[in-house]
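Chain by chain, the residues:
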Amino acid sequence: MTTRTDAPTRREQILREAARLFAERGFHGVGVDEIGAAVGISGPGLYRHFAGKDAMLAELLVGISEQLLTGGKLRVAESGASPEALLDSLIEGHIDFALDDRPLITLHDRELDRLRDSDRKLVRQLQRQYVELWVEVVRRLHPALAEPSARSAVHSVFGLLNSTPHLGRSGSLPGRAGTAELLHRMARGAFAAAGAPGAKGATGSAGAEGAEGAGGVAGA
């Protein structure tokens, strides 16, 4: 799922291939045998790792929500830098996800409603916590930005970053580094516009001065 330096376990290989196949052909368009063939084991052999396709889907969607939240909290805990640098770090982490785990974005958009109620509620809970982590950092950088406006800005930036499955074929893009840099600049611009003096959602000139002194242009 996320980039790692050690070799993936068999379970992780299964999840990666399941995500790819589900995203390409839909959850109901993929059989257990096909997932097994993609990782070099028999379909029935998958049942040593997962109870079935529903369990794979749940682990994929709950798992990535947990990873994003845990990674975000870690970046906040480890950062002694300015709010702007911290927001930049959060953006970099989310861009890594958006570029490296595109099938999971597609899965979330198409298949979230297939999860059991308990799993779907858990995904939503983890996502809300992840959003609020960003909102806190954005408002540290732009204290003039009202909380509802900061939350809307965060959701909008997520929409931008999570658009990667729709960017077209890899040959038509500027490459991973170029795409990451472009997304970063666009996200920074979105937060800067939201927190600019006079923008809707700002609390007035005094608040705008506070935001300017707190770090200037936000990074996303």
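Residues numbered from 1 in each chain as written. Predicted model: local features only at pLDDT ≥ 70, side-chain atom pairs only at ≥ 80, totals over all residues. Heavy atoms only, no water.

1. Observations concerning the packing of helix 7 (residues 147-161) against helix 8 (residues 176-195)
Point 1. The N-to-C vectors of helix 7 and helix 8 enclose an angle of 160°; their axes lie 10 Å apart at closest approach. Taken as axis vectors, helix 7 and helix 8 run roughly antiparallel relative to one another. Helix 7 and helix 8 meet at a crossing whose hand is right-handed. Residue-level inspection shows A153, V154, V157, L160 and L161 of helix 7 in contact with helix 8, the latter providing L183, M186, A187, A190, F191 and A194.
Point 2. Of the residues in the contact of helix 7 with helix 8, the class split is 11 nonpolar, no polar and no charged. (Axes fitted to C-alpha atoms, helices over the stretch in contact; angles between N-to-C directions. Helix = DSSP H or I, 4+ residues; strand = E, 2+ residues; numbered from the N terminus. Parallel < 35°, antiparallel > 145°, perpendicular 65-115°, else oblique. Left-handed = near helix turned anticlockwise from the far one by under 90°. Contact = heavy atoms within 4.5 Å. Nonpolar A, V, L, I, M, F, W, Y, C, P; charged D, E, K, R; others polar.)

2. So, the pattern of salt bridges
Point 1. Throughout the structure, instances matching the rule amount to 15 salt bridges.
Point 2. One salt bridge connects R116 with D119, and the closest N-O pair in it is separated by 3.2 Å.
Point 3. Among the salt bridges present, the one from E132 reaches R151, with a minimum N-O distance of 2.7 Å. Of this pair, E132 sits in helix 6 (residues 117-141) while R151 sits in helix 7, and the two are 19 residues apart along the sequence.
Point 4. For R151, a relative accessible area of 23% puts it in the partly exposed group.
Point 5. Sharing partners across several salt bridges, the network here consists of E132, R139, E147 and R151. (Salt bridge = Lys/Arg side-chain N within 4 Å of Asp/Glu carboxyl O. Buried < 20%, exposed > 50% of the residue type's maximum accessible area, 1.4 Å probe, protein only.)

3. As for the side chain of H94
Point 1. Relative to the elements of secondary structure, H94 occurs in helix 4 (residues 83-100).
Point 2. Residues in contact with H94, not counting those within four places in the same chain, are L68, Y130, W134, F158, L161 and N162.

4. Quick notes on the nonpolar core
Point 1. Formed by 58 residues in total, the largest nonpolar core has its most connected members in F22, I35, M56, L87 and W134.
Point 2. Of all the secondary structure elements, the ones that give two or more residues to this core are helix 1 (10-25), helix 2 (32-39), helix 3 (53-78), helix 4, helix 5 (102-111), helix 6, helix 7 and helix 8.
Point 3. At 10 residues, helix 6 tops the list of elements feeding residues into this core. (Core = buried A, V, L, I, M, F, W, Y, C linked by side-chain atoms within 4.5 Å.)

5. Comments concerning the packing of aromatic side chains
Point 1. A complete count under the given rule lists five aromatic pairs for this structure.
Point 2. Ring geometry for W134 against F158: centres 4.9 Å apart, planes inclined by 80°, an arrangement best described as edge-to-face. Here W134, found in helix 6, pairs with F158, found in helix 7; they are 24 residues apart in sequence, far enough to count as distant. One exposure class covers both W134 and F158, and it is buried.
Point 3. Taken together, the ring pairs connect Y130, W134, F158 and F191 into an aromatic cluster.
Point 4. The aromatic ring of F27 is capped on one face by K53, whose charged end is 4.5 Å from the ring centroid. (Phe/Tyr/Trp six-rings, centres within 6.5 Å; stacked < 30°, edge-to-face > 60°. Lys NZ or Arg CZ within 6 Å of the ring centre and 35° of its normal.)

Geometric descriptors of this kind do not, in isolation, establish any biological role.
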